[in-house]
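Coordinates in review
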Amino acid sequence: MAKSDYSPALIEFVTVAVPFCAALERAGELRRDDFLDRLLHLAPLLYLKALMLSDEAESPDPEDTPPEVVTEAAYEELKDSLSELLAEKDDFLEAQSDNMRYSTEPLHATISECLADVYQPVANLVAVVREENTLALPAAVALCCALFAEYWGDRLLAVARALHRALFYTETDTFDEPDPHNHKVDLLRHHHTGLPTDELGECTHESCEGESHCHCHDL
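Below: a short report on this structure. Predicted model only: the values in this text are computed from it and were never measured. (Residues numbered from 1 in each chain as written. Predicted model: local features only at pLDDT ≥ 70, side-chain atom pairs only at ≥ 80, totals over all residues. Heavy atoms only, no water.)

This next bit is on the pattern of salt bridges. Overall, the coordinates contain 6 salt bridges when judged by the stated rule. Ionic pairing is found between K79 and E76, a salt bridge with its closest N-O pair at 3.5 Å. Highlighted residues: K79 and E76, both in helix α3 (residues 72-86), separated by 3 residues, approximately one helical turn. The buried category is assigned to K79, whose relative accessible area is 18%. (Salt bridge = Lys/Arg side-chain N within 4 Å of Asp/Glu carboxyl O. Helix = DSSP H or I, 4+ residues; strand = E, 2+ residues; numbered from the N terminus. Buried < 20%, exposed > 50% of the residue type's maximum accessible area, 1.4 Å probe, protein only.)

If you look at the biggest cluster of nonpolar residues, it comprises 59 residues, and the most contacted ones within it are F13, F35, L46, L125 and W152. Going through the elements one at a time, α1 (8-25), α2 (32-54), α3, α4 (111-130) and α5 (137-168) are the ones with two or more residues in this core. Sorting elements by how many residues they give to this core places α5 first, with 16 residues. (Core = buried A, V, L, I, M, F, W, Y, C linked by side-chain atoms within 4.5 Å.)

Here the focus is the state of the cysteines. Here the structure, examined in full by the defined rule, presents 0 disulfides. The cysteine C144 is free of any disulfide, with C145 supplying the nearest cysteine sulfur at 5.6 Å. Residue C144 is classed as buried on the basis of its relative accessible area, which comes to 3%. (Disulfide = S-S within 2.5 Å.)

It is at 8 Å that the axes of α3 and α4 come closest, and there the two elements cross at 145 degrees. Crossing of α3 against α4: the hand is right-handed. Contacts between α3 and α4 involve E72, Y75, L78, K79, L82, S83 and L86 from the first element and I111, S112, E113, L115, A116, D117, Y119 and Q120 from the second. Of the residues assigned to the contact of α3 with α4, the class counts are 8 nonpolar, 3 polar and 4 charged. (Axes fitted to C-alpha atoms, helices over the stretch in contact; angles between N-to-C directions. Left-handed = near helix turned anticlockwise from the far one by under 90°. Contact = heavy atoms within 4.5 Å. Nonpolar A, V, L, I, M, F, W, Y, C, P; charged D, E, K, R; others polar.)

Below, the discussion takes up the packing of aromatic side chains. For the coordinates displayed, the defined rule picks out 2 aromatic pairs. Ring plane angle 55 degrees and centroid distance 5.1 Å describe the contact between Y47 and F148, whose orientation is recorded as tilted. Of this pair, Y47 sits in helix α2 while F148 is found in helix α5, placing the two residues 101 residues apart along the sequence. Under the relative-accessibility criterion, Y47 is labelled partly exposed at 23%. Taken together, a centroid distance of 4.9 Å and an interplanar angle of 65 degrees make the contact between F148 and W152 edge-to-face. With a gap of 4 residues between them, F148 and W152 both fall in helix α5, about one helical turn apart. The same class applies to F148 and to W152, which are both buried. Among the aromatic side chains, those forming a connected cluster through ring pairs are Y47, F148 and W152. (Phe/Tyr/Trp six-rings, centres within 6.5 Å; stacked < 30°, edge-to-face > 60°.)

Turning our eyes to something else, we now look at α3. With 15 residues, α3 extends 21 Å between its outermost C-alpha atoms, agreeing within 8% with the 21 Å of an ideal straight helix rising 1.5 Å per residue. Lining the buried residues of α3 we find α1, α2 and α4. Among the residues trailing α3, A87 stands out with phi positive, at a value near 50 degrees. (Expected span 1.5 Å × (residues − 1).)

In the Ramachandran plot, A87 falls in the positive-phi region, its phi being about 50 degrees despite a non-glycine side chain. Within the secondary structure, A87 sits in the loop between α3 and β1 (91-94). Exposure remark for A87: the relative accessible area of 37% places this residue in the partly exposed category. A positive phi angle is found at E132, which is not glycine, with a value near 55 degrees. As for its position among the elements, E132 is in the loop between α4 and α5.

Mapped onto the elements, C21 comes out in helix α1. For the pair C21 and A123, spaced 102 residues apart in sequence, the C-alpha to C-alpha distance is 6.5 Å.

One way to put it is that α1 packs onto α5 with a least axis distance of 14 Å and a crossing angle of 60 degrees. It follows that α1 is oblique to α5 by the angle criterion. With respect to the hand of their crossing, α1 and α5 are arranged in left-handed fashion. Each of L10, F13 and F20 in α1 lies in contact with α5, whose residues at this interface are L137, V141, C144, W152 and L156. (Parallel < 35°, antiparallel > 145°, perpendicular 65-115°, else oblique.)

This is how it looks when you write it as C-alpha cells:
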C-alpha cells in the first residue's frame with residue numbers, strides 16, 4: 001500500500017501511535033522515570049490525532065469485523081509488565097468515571113490497566129496498517145475511532161493526569177515535600193519563579209552562589 005493511499009489524518013495518527021505502542025511494549029527495558037516522561041510526551045498527541053481521525057471516520061459496520069492481533073493474553077501480559085515497572089506509582093484515584101454515580105468517593109484505578117485499555121484498540125489498527133490490509137483498513141479505522149469515543153479516549157485523558165503525578169509528585173501528592181532527587185521538580189520551581197538555571201537545572205541566581213542547597217526557588 002502506498003503512503004498516498006492513507007489520509008493525512010491517518011498518517012498523523014499512526015506516526016504517534018507506533019511509538020506509543022512501542023513504549024508500552026518495551027516498558028521493561030526503560031527506567032520508570034524515562035517511561036513516564038516518554039508517555040507524557042505521547043499521550044496528549046495520541047488523543048489529538050485520534051480526535052482528528054474520528055472527524056473523518058465512518059460508523060463501524062457490525063458485520064465488518066477487522067482483525068484483532070492483541071489477544072486477551074497479550075493484554076494481560078502488557079498490563080502486568082507495566083504494573084511491575086510502575087510499582088507503587090501504578091495506583092491512582094479516578095473521580096470522573098461513570099461508576100462514580102454509585103459512589104461518593106473517588107474510585108481506585110491503575111495506570112497499567114488504563115494504558116492496556118488504550119493499547120489494545122490502537123495496536124490493532126497499527127497492525128492493519130503495517131500489514132497493508134487495504135480491505136480491512138476502513139473497518140479498522142471505524143472501530144478504533146468508535147472505541148475512542150466509547151472508552152479509550154476517556155482512559156487516555158485520565159491516565160495523562162496520573163502519569164503527570166507519578167513523574168512529578170512525591171508520595172504525599174503535593175509539592176510541599178518535593179523529592180530531593182527529582183530533577184524535574186527543581187526545573188518546574190525555577191520556571192514558576194522565573195529564576196535562572198543552567199542546563200543541569202542548577203540555580204544560577206547570584207543569591208545562591210556558595211550555597212550547598214538552593215532554597216531561592218521554593219514555592
